[in-house]
Structure formats: C-alpha cells, structure tokens
Amino acid sequence: MIIAAAGSGERMGLGRNKVLLPLNGVPILIRSAVAFSAHSWVREIVITVRPEDCQEVEEMLRRWNLAECKLAIGGPRRQDSVAAGLAALNPNLDWVLVHDAARPLVDPEIIAAAYSAVRKYQAVGVAVPVKDTIKLVDDNEFVVDTPLRAKLWAIQTPQAFSFRLIKEAYARAERENWEATDDCSLVERLGVPVKLIPGSYRNIKITTAEDLDTAAAILNKRSEDGSMNNAAIRTGIGYDVHRLTSGRPLILCGVRIDYHLGLDGHSDADVAVHALMDALLGAAGLGDIGRHFPDTDSRYKGISSLKLLEEVKAKLDEKGYTVGNVDLVIAAERPRLSGYIEEMRRRLALTMEVSPEQVNIKATTTEGLGFCGRGEGIAAWAAAVISGRSSQAGH
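Described below are features of the structure shown in this document. No experiment lies behind these values; they were computed from the predicted model shown.

Tallied over the entire structure, the rule returns three aromatic pairs. Seen in terms of ring centroids, Y239 and W381 are 5.3 Å apart; in terms of plane orientation they differ by 45°. Their pairing is tilted. Of this pair, Y239 sits in strand β12 (residues 231-245) while W381 is found in strand β18 (residues 377-389), placing the two residues 142 residues apart along the sequence. Residue class for Y239 comes out partly exposed when judged on its relative accessible area of 41%. For W381, a relative accessible area of 39% corresponds to the partly exposed category. Both rings, one in F293 and one in Y300, keep their centres 5.4 Å apart while their planes meet at 85°; by these two values the pair is edge-to-face.

Structure below.
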C-alpha cells in the first residue's frame, strides 16, 4: 500500500503541505492512513513524503498509533513519489494499492471493492461518472470538440494493481520518459486494460481551501447521521473461552503474543475478539457469532478474527448503528498481557473505525482458581455500546 503525501500544497496557499492540515481535528494524512490500516489484509503501508516533512509526519504517526507505517522520500512529481514508494515496498507482495493522501474521505467499502477487483482484473481504477458536459479547447480556448458525457469518468484513488504489473509500468516509464498524472495511465500505455469500479462523489481530493470546507461539511453530516443525539442507544455483552494448546500461535485482539501455547479453535481462536463480536451483535439484536460464522464453514478455517470483526462492523453499518465504546476483560493466569494492551486497543479501534479512546481493555488473572488459573484456557468478557438513529435502527 502506497499513500502519496509528498505534495507541496501550493494551491492551498497556506505555505505548508496540505495533507498535514487538520480536518475536523484529525490530520488529512492520518485520516487516509487509518482508512487503509483498518483492513487486516493490508500488510504494509509506505507513505511518500517530502524531506522537510519527515520529522513532523513521524511524530504524527506515533501520536496516532500508526508508527508501523514506513516513510519514503518522494520526488518533485507524483510519479516520482509513487516510484519511490514502490521501491520501498516488500518485493514479495502480490498486489499494491496507490492512494492520494489528499483523499481522506475514501469509504472502506471502496477500498475493499478495489482489493477484490484487482485480484480478478490485475489493474483497477476507482472512478465516478462525470456530471458536467466537458469541452475540449484549442490553445486559444475555442471549443474544438464535445465528448459524449456518458463515456466520461473522473478518476479517483485508490488505484490497485498487480505488483509485477505496476513495477513494469513504472520501469518502462523511466526508460521511455513517459509522464502521467495517475498510475492507471502508465499501465494503459503498456496495452493492459484497466477496469473501472464505482467510487463516490464524497471521495473528494482536497486541493483548495474550499475543498477543505466541503470535506468538513461531509464529515459533519456523517457525524450528525451517526451521533448519539436523538439516537437509540443499545448495549450488548459477550463472553467466550478457548482452551490453550500447543502448536498454535496465541492471538489476542489481533496481536500475536509471545507464549509457548496458543488457543484452540476453528478460526485463529482470538477469544477477546470473539467476545467483542458477540457484544456488538447482541447490542444490534443480530444473534451471535455462531449464527454468522459457524465453525462448520470451511471459509472461516484459520481466518483472522479481525477480518470477522470487519464483517460485524459492516453488519452494524447496514443497520445504521455506530460504535460508541467497548470494554473488554481478558482473564489469563499466563502470559502477562500488560505490554500488549495499547497495540490491542489500536488494532481493535482501526478495525471498528473508532478512536483508541473508545476501546478499553483490562487483563486480569483468577488468582489460580478455575481453568484459567490452572493455565488450561483463556476467557474474555466484552461490553459494547452502539447507537443508531431511531428511524434507521432495526431497518
């Protein structure tokens, strides 16, 4: 995953890189990074930056618990910056998504759709049909042609590619001095067809101060639609337990724990996430995880529970519910979990698309009592508060 953030922001007229500006209290770059890091299949994120922005970006990423993102120094053109990002990625990746940091409002559904489509088509662009009639003009600004509007789409990001294909396109662009304003254009010049999938008119690119105002208005509307004001507030609880066994990794809240035993189960057996999913489903009146992800279904064999949590979040979204806060208790005599708590909070927050402050995790022991005390298993309890407008909830 590459996020291009090495622009100067000259058209914003503020004397600094626009993607470092706050948008409703959160930096534009951070909003873009969080949108992608929330997806469990994103293995690494490289952010291309200007040399003079490196320190500020590093501090920003640490502050927002995104320190695992890698930085690469960009160039004078967007094309140079993406090339630097490609060089910094793990060479063993199969797919790569490229996104402009200046599009912080990209929907998670669009990201998931791009990833799904690229595995079929090898090259994918996100785009929306053009609403206005477009005129082609000559050097003196006289109209020379009016293209058929039905055939025109406005390209957005992310754009997704086979890693091999986009590296080939960039290598040839360097050899033959091609220049383009988007990555799809370079792939097109190889003669490879690019599949367009629907984007969103909300997925705007922030270029001017007016764009910043528009983005803030979109976020305010989202907040109003999902706020707790005039909302139905619902609570749910969840509980789960798994036996400890040898030969499996210990995964809790999506974090791999250094321990010689792991939890036994059909999926990755992440007992804490399972309890959390049950709490969220219960709050929404949607049953339990056994109903949605039965252990008899081979699709869920060994699956990351964070991926299942993404699906639970999508089910809540469909019902018009917003996660307010969650609270988890993990009972384990061993190993000690205190050093992992903050990373657990961060991963759950990213997956549910909430702030870490909305996620609380407590680790405890049973003082040697019961199956947890004997080191036979780990148990977890979760409570969740969700909200949804009365007109939406339950529909």
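Here we come to the nonpolar core. Within soluble globular proteins, side chains that are nonpolar generally end up buried alongside one another. Counting 50 residues, the largest nonpolar core has L252, L280, L348 and M352 as its most contacted members. With 10 residues, helix α8 (residues 271-283) is the single largest residue contributor to this core. Setting aside anything within four residues of it in sequence, one finds L252 in contact with I257, L263, D270, V271, A272, I330, L337, M344 and I378. Core analysis: the next-biggest nonpolar cluster, separate from the first, contains 49 residues, V19, L21, I28 and L219 among them.

Let us now look at helix α1 (residues 28-37). With eight of its 10 residues buried, α1 lies for the most part within the structure. Every buried residue belonging to α1 is among I28, L29, I30, S32, A33, A35, F36 and S37, and all of these are buried.

Analysis parameters
- Residues numbered from 1 in each chain as written.
- Predicted model: local features only at pLDDT ≥ 70, side-chain atom pairs only at ≥ 80, totals over all residues.
- Heavy atoms only, no water.
- Phe/Tyr/Trp six-rings, centres within 6.5 Å; stacked < 30°, edge-to-face > 60°.
- Helix = DSSP H or I, 4+ residues; strand = E, 2+ residues; numbered from the N terminus.
- Buried < 20%, exposed > 50% of the residue type's maximum accessible area, 1.4 Å probe, protein only.
- Core = buried A, V, L, I, M, F, W, Y, C linked by side-chain atoms within 4.5 Å.
- Contact = heavy atoms within 4.5 Å.

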